[in-house]
Amino acid sequence: MTVKVDARGLSCPLPVIKTKQALDNLTEGELVVLLDEDVARENVTRLANSLGYMVEVLADAGKFTLNIRKGQKA
Amino acid sequence: MNSTFTDKAPWKDKYPPLVIVSGLVLGIVAAILVKLGNPGNMGFCLACFERDIAGALGLHQAKAVQYLRPEILGIVLGAAIASLAGGEFMPRSGSAPVVKFLLGIFMMIGALVFLGCPTRMVLRLGGGDGNALLGLAGFTTGIVAGVLFLQKGATLGRSYKEAYSLSFWILPILAGVAAVLMLVKSNVFNATLEGKGPGSMHAPVVVSLASGVLVGLLAQRSRLCFAGGLRDMILFRSGHLLVGLVGVFLGVLVTNLVLGQFNAGFDGQSVAHKDYLWNFLSMVLVGLCAILLGGCPFRQLILASQGNGDSFFAVFGMIAGGAIAHNFHLAATPKGVSAAGMIAVGIGLVVCVIVGLTARET
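As the structure is a computational prediction, the values presented were derived from the model and not from experiment.

Undergrad: Break down unusual backbone geometry for me, with residues and values.
TA: A cis amide bond links A:C12 with the next residue in sequence, A:P13, at an omega value of 5 degrees. Considering the arrangement of structural elements, one finds A:P13 in the loop between strand 1 (2-6) and helix 1 (14-25). Positioned with a positive phi, B:A96 is a non-glycine residue whose angle comes to about 50 degrees. Overall, B:A96 belongs to the buried group, with 22 C-beta atoms counted inside 10 Å.

Here is the structure:
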């Protein structure tokens, strides 16, 4: 199951708040977070890592897709 | 498309050296600027300096506070250069700019009733000014309230990339032209540099400008934010940005001690008053505005300098707020807070609550 959070264009710290709320509700599967700012990418990655999640960052022309999941690197 | 994996936070993510260094440098440079002529505990103050700029532009007539502060121009130029180098210089806007202008006005009014923005609040603490403790308590209270609004869904909406690139050049070009004029003649525009007011007290222009550039460069890269530091600790128990505030405090404290500028107590503090209640309440307002805006006055200036049009409105709201505060006698003086200032803070708090309860994404 994949849950998606679109936090593009939201100011600090809303991308992190929305990610945290989604992770709190995530029982299984993967969370996909869409971002379009470096600062938000850094902050969301830091939050997910600090909670023990694995983050894969896909970067494309200033837009970021973060795949966040528990466990080992696929 | 690039793909990278991260699976744990390294130590430098938890205690980021760049944030600590940015804070230390800001604190050290601030104390040196005071030694070289800036008002006491006012090496940097976004509120005071943007208010001085409002005066220099003739937007208010309080002769004691009219000076086109080169520190602000330098911060804009430094942040613009750093964001260009880092590929983050990008025009974007659309997140309720008019509301951000309004919140900028009230953030300035709150800061001028306290007599300092959050940056100066920390600098005042590092100079031994006990009155700033009340400000810190108020600021923290405002941040907690703001965080509650965010957790309940408050948002000023999304910003979008703008197609027209001139949008992000306007502020750096304005700052660059003004900086050149200041270097040629320091009393350009409406600057009076008369009397004994804070506006007449300043370090040499070239030192102020260079200090601003240095701090702007570092702060853009490190994301230093005085509201963000406390906010992230409250929200996520993350000290990532808070270490920057600790750096500012330690940097200014030690430098003040070395330079003989440390003066512990509540009495006789430079550009400060002892009205405990209003020191507290005014900074509640600043904290609330900062959270709803997505950053403190310092961070708003950095964001505006890297092309964020909404923060541009917040900064110019602050400049307008500086003019309003002095034209209508809302700003405090070392003697205390005016009735009009108290009423304005009350109105600001009501406006913030209304925004916090009604700003939702549609």
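Undergrad: Can you break down the packing of helix 9 (residues 205-222) of chain B against helix 13 (residues 297-305) of chain B residue by residue, with the values?
TA: All names here are of chain B. Two numbers describe how helix 9 lies on helix 13: the axes approach to 10 Å, and their chain directions differ by 90 degrees. Looking at the two axes, helix 9 sits roughly perpendicular to helix 13. On the side of helix 9, the interface is formed by G216, A219 and Q220, while helix 13 contributes F298, I302 and S305. The residue inventory of the contact of helix 9 with helix 13, partitioned by class, reads 3 nonpolar, 3 polar and no charged.

Undergrad: Give a detailed account of the confidence of the model for chain A, specifying residues and quantitative values.
TA: When the pLDDT values of chain A are averaged, the result is 90; 95% of them are 70 or greater. Confidence, read as mean pLDDT per element, is least for helix 2 (residues 38-50) of chain A in chain A (91) and greatest for strand 2 (residues 30-35) of chain A (96).

Undergrad: Give me the lowdown on helix 1 of chain A, citing residues and values where you can.
TA: In a regular helix each residue adds 1.5 Å, so 12 residues correspond to 16 Å; helix 1 of chain A covers 17 Å between its end C-alpha atoms and thus fits that length. Tucked into the core, helix 1 of chain A has its buried residues touching strand 1, strand 2 and helix 2 of chain A together with helix 7 (131-151) and helix 10 (226-236) of chain B.

Undergrad: Break down the confidence of the model for chain B for me, citing the residues and quoting the values.
TA: Residues with a pLDDT of 70 or more make up 94% of chain B, whose mean pLDDT is 93. As scored by the predictor, the complex reaches a pTM of 0.94 and an ipTM of 0.89.

Undergrad: Break down the nonpolar core for me, with residues and values.
TA: Residues and elements named next belong to chain B. Ranked by size, the top nonpolar core spans 142 residues in total, and within it V76, I109, L112, V113, L285, C289 and L292 carry the most contacts. With 13 residues, the top contributor of residues to this core is helix 12 (residues 276-293). Not counting residues within four places of it along the chain, the set of residues in contact with L112 comprises A47, R51, G322, A325, L330, A331 and A332.

Undergrad: Which residues make up the packing of helix 12 of chain B against helix 15 (residues 339-358) of chain B, and what values go with them?
TA: Residue and element names in this part refer to chain B. Close contact between helix 12 and helix 15 brings their axes to 10 Å; oriented N to C, the two are set at 30 degrees. In terms of orientation, helix 12 lies roughly parallel with respect to helix 15. Of the two elements, helix 12 crosses helix 15, and the hand of that crossing is left-handed. Taken together, the residues of helix 15 that come into contact with helix 12 (itself represented by W278, L281, S282, V284, L285, L288, C289 and L292) are M342, V345, G348, L349, C352, V355 and G356. Considering only residue class, the contact of helix 12 with helix 15 consists of 12 nonpolar, 3 polar and no charged.

Undergrad: Give a detailed account of the pairing of strand 4 (residues 63-69) of chain A, specifying residues and quantitative values.
TA: Residues and elements named next belong to chain A. The two faces of strand 4 differ: F64, L66 and I68 on one face are buried, but K63, T65, N67 and R69 on the other face are not. Note that strand 2 and strand 4 share 5 bridges and pair antiparallel. Considered in strand 4, the bridge of L31 is made with I68. Two elements, strand 3 (residues 54-60) and strand 4, share 7 bridges in a ladder whose sense is antiparallel. The residue bridging M54 from the neighbouring strand is R69, located in strand 4. What sits between the antiparallel neighbours strand 3 and strand 4 is a turn of 2 residues, in which A61 has the positive phi angle 50 degrees.

Undergrad: Which residues make up the environment of B:A339, and what are the values?
TA: Within the secondary structure layout, B:A339 lies in helix 15. Residues B:A339 and B:H329, 10 residues apart in the sequence, show an inter-C-alpha distance of 9.1 Å.

Undergrad: Any chance you could break down helix 5 (residues 97-114) of chain B for me, citing the residues and the numbers?
TA: The terminal C-alpha atoms of helix 5 of chain B lie 25 Å apart, and with 18 residues this matches the ideal 26 Å at 1.5 Å per residue to within 8%. Along helix 5 of chain B, 16 of the 18 residues are buried, which leaves the element largely enclosed by surrounding structure.

Undergrad: Can you break down the pairing of strand 2 of chain A residue by residue, with the values?
TA: All names here are of chain A. Taking every second residue as pointing to the same face, the buried face of strand 2 carries L31, V33 and L35, while none of E30, V32 and L34 on the other face is buried. One ladder, built from 5 bridges, connects strand 1 with strand 2; its direction is parallel. Counted as the bridge partner of K4 is V32 from strand 2. In this fold, strand 1 hands off to helix 1, which returns the chain to strand 2; that crossover is right-handed.

Quick notes on the rules
- Residues numbered from 1 in each chain as written.
- Chains lettered and ligands numbered in written order.
- Predicted model: local features only at pLDDT ≥ 70, side-chain atom pairs only at ≥ 80, totals over all residues.
- Helix = DSSP H or I, 4+ residues; strand = E, 2+ residues; numbered from the N terminus.
- Buried ≥ 20, exposed ≤ 12 C-beta atoms within 10 Å, placed from the backbone.
- Axes fitted to C-alpha atoms, helices over the stretch in contact; angles between N-to-C directions.
- Parallel < 35°, antiparallel > 145°, perpendicular 65-115°, else oblique.
- Contact = placed C-beta atoms within 7 Å.
- Nonpolar A, V, L, I, M, F, W, Y, C, P; charged D, E, K, R; others polar.
- pLDDT = per-residue confidence, 0-100.
- Expected span 1.5 Å × (residues − 1).
- Core = buried A, V, L, I, M, F, W, Y, C linked by C-beta atoms within 7 Å.
- Left-handed = near helix turned anticlockwise from the far one by under 90°.
- Pairing = 2+ DSSP bridges.
- Right-handed = clockwise from strand over helix to strand, strands pointing away.

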